[in-house]
Amino acid sequence: MELAAYLDRIGYAGTPRVDLATLRDLHRAHLFAIPYENLDVQLRAPGGTEVARAFDKIVTRRRGGWCYEMNGLLGWALSEIGFAVTRMSGAVARMERGEASHGNHLVLRVDLDRPYIADVGFGDGLLEPIPLAAGDHRVAGYDFKLEQVDADWWRLHNHALGGAPYFDFTLETAREETLAATCQWLRTAPESIFTQFPIVQRHTPDGLVIILGRTLRRVRPGERTQVLIESADQFGEILTGEFGLDVPQMAALWPAICAKHEELFGEKAG
């Protein structure tokens, strides 16, 4: 794994330094260049939480990734530059799912003059890092809220047009075995949202572009629009044109994608 290859992948041409400006620039560049995606889960391809695996997938093969891969890769790069990085265990929907949610998200703490939350793995979440401080945080036109909910847990509330409304996290260093076990469950369990339909999300300079199943969604501050994707060919064109992803194997899953959409939303494929 080479830091220069990662910086080239995200289009970062500067000289990285251990400061907030570099952290912010890397965070933004990563999200503009690399989409969040669960296509390997859909394709039943091997996966895991290892950073070397994420580097090969995202940098060498120019794919996207989900939280374990996206934040794992960013955390590695930041550490290579010299940042103090802590991998923390997150829990999306902890209030609803309880202990089963522990480790279903990976979050990064980066310590500079003060601690910051860096998270390129929440799909439609933060475009930039924010201070680890309770209160309201406005980022790229979207409103987030960070609060300490008890002695052990913090909660980041997503913006109003986001998908998952929040995730919780602890400040302790994540137990890698918990992350690995939960990752395996999310990759394989029929109940996991990630096994049910494709999710692809990318930040753009003016908002977000998102695939959920056979819908294409565009989000800007205060505005969300959505249309149906009409065919496997169109699905592939969108993956390539909007997200820079060349995954032709997804065409074989199009009938299943449409069937799941009809099951969930009652809308038949055209």
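Presented here is an overview of the structure given in this document. (Residues numbered from 1 in each chain as written. Predicted model: local features only at pLDDT ≥ 70, side-chain atom pairs only at ≥ 80, totals over all residues. Heavy atoms only, no water.)

1. Examining the packing of aromatic side chains
No. 1: Tallied over the full model, the rule gives six aromatic pairs.
No. 2: The interplanar angle of 75 degrees and the centroid separation of 5.5 Å between the aromatic rings of Trp 66 and Tyr 68 together place this pair among those described as edge-to-face.
No. 3: On the basis of relative accessible area, Trp 66 is assigned to the buried category, the value being 4%.
No. 4: These aromatic residues form a ring-pair network of at least three members: Trp 66, Tyr 68 and Phe 194.
No. 5: Stacked on the ring of Trp 153, the Lys or Arg Arg 94 has its end atom at 4.2 Å from the ring centre. (Phe/Tyr/Trp six-rings, centres within 6.5 Å; stacked < 30°, edge-to-face > 60°. Buried < 20%, exposed > 50% of the residue type's maximum accessible area, 1.4 Å probe, protein only. Lys NZ or Arg CZ within 6 Å of the ring centre and 35° of its normal.)

2. A short note on the sheet that holds strand β1 (residues 36-37)
No. 1: Here we have five strands laid out as an open sheet, ordered β1-β10-β11-β12-β13, and antiparallel in their pairing. The open sheet has two free edges, formed respectively by β1 and β13 (223-228), since each of these has just one partner strand.
No. 2: In this sheet, strand β10 (residues 199-204) lies alongside β1 in antiparallel orientation, the contact comprising two bridges. Bridge pairing in β10 links Tyr 36 to Gln 201. (Pairing = 2+ DSSP bridges. Helix = DSSP H or I, 4+ residues; strand = E, 2+ residues; numbered from the N terminus.)

3. A closer look at the sheet that holds strand β3 (residues 105-111)
No. 1: Taken in spatial order, the eight strands of this open sheet run β5-β4-β3-β2-β9-β8-β7-β6, and their pairing is antiparallel. The outermost strands of the open sheet, each flanked by one partner alone, are β5 (130-131) and β6 (135-139).
No. 2: The pairing of β3 with strand β4 (residues 115-118) spans four bridges and is antiparallel. Considered in β4, the bridge of Val 110 is made with Tyr 116.

4. A look at the nonpolar core
No. 1: Among the nonpolar cores identified, the biggest contains 47 residues, and Tyr 6, Ile 10 and Phe 169 are the most heavily contacted of them.
No. 2: Counting residues per element, this core draws most heavily on helix α5 (residues 67-81), which supplies seven residues.
No. 3: Beyond its immediate stretch of four places on either side in the chain, Ile 10 contacts Leu 26, Ala 29, His 30, Ala 33 and Ile 34.
No. 4: One finds Val 200, Leu 216, Trp 254 and Ile 257 within the second-largest nonpolar core, a separate group that totals 16 residues. (Core = buried A, V, L, I, M, F, W, Y, C linked by side-chain atoms within 4.5 Å. Contact = heavy atoms within 4.5 Å.)

5. Topic: the packing of helix α4 (residues 51-60) against α5
No. 1: Relative orientation of the contacting elements α4 and α5 amounts to 100 degrees, with a least axis distance of 9 Å. Relative to α5, the element α4 is oriented roughly perpendicular. Contacts between α4 and α5 involve Val 51, Ala 54, Phe 55, Lys 57, Ile 58 and Val 59 from the first element and Glu 69, Met 70, Gly 72, Leu 73 and Trp 76 from the second.
No. 2: Within the contact of α4 with α5, the residues separate by chemical class into eight nonpolar, one polar and two charged. (Axes fitted to C-alpha atoms, helices over the stretch in contact; angles between N-to-C directions. Parallel < 35°, antiparallel > 145°, perpendicular 65-115°, else oblique. Nonpolar A, V, L, I, M, F, W, Y, C, P; charged D, E, K, R; others polar.)

6. Looking at the pairing of β13
No. 1: In terms of strand pairing, strand β12 (residues 215-220) meets β13 through six bridges, oriented antiparallel. From the neighbouring strand, Val 219 faces β13, where its bridge partner is Arg 224.

Remember, this is a structural readout, not a statement about activity or role.
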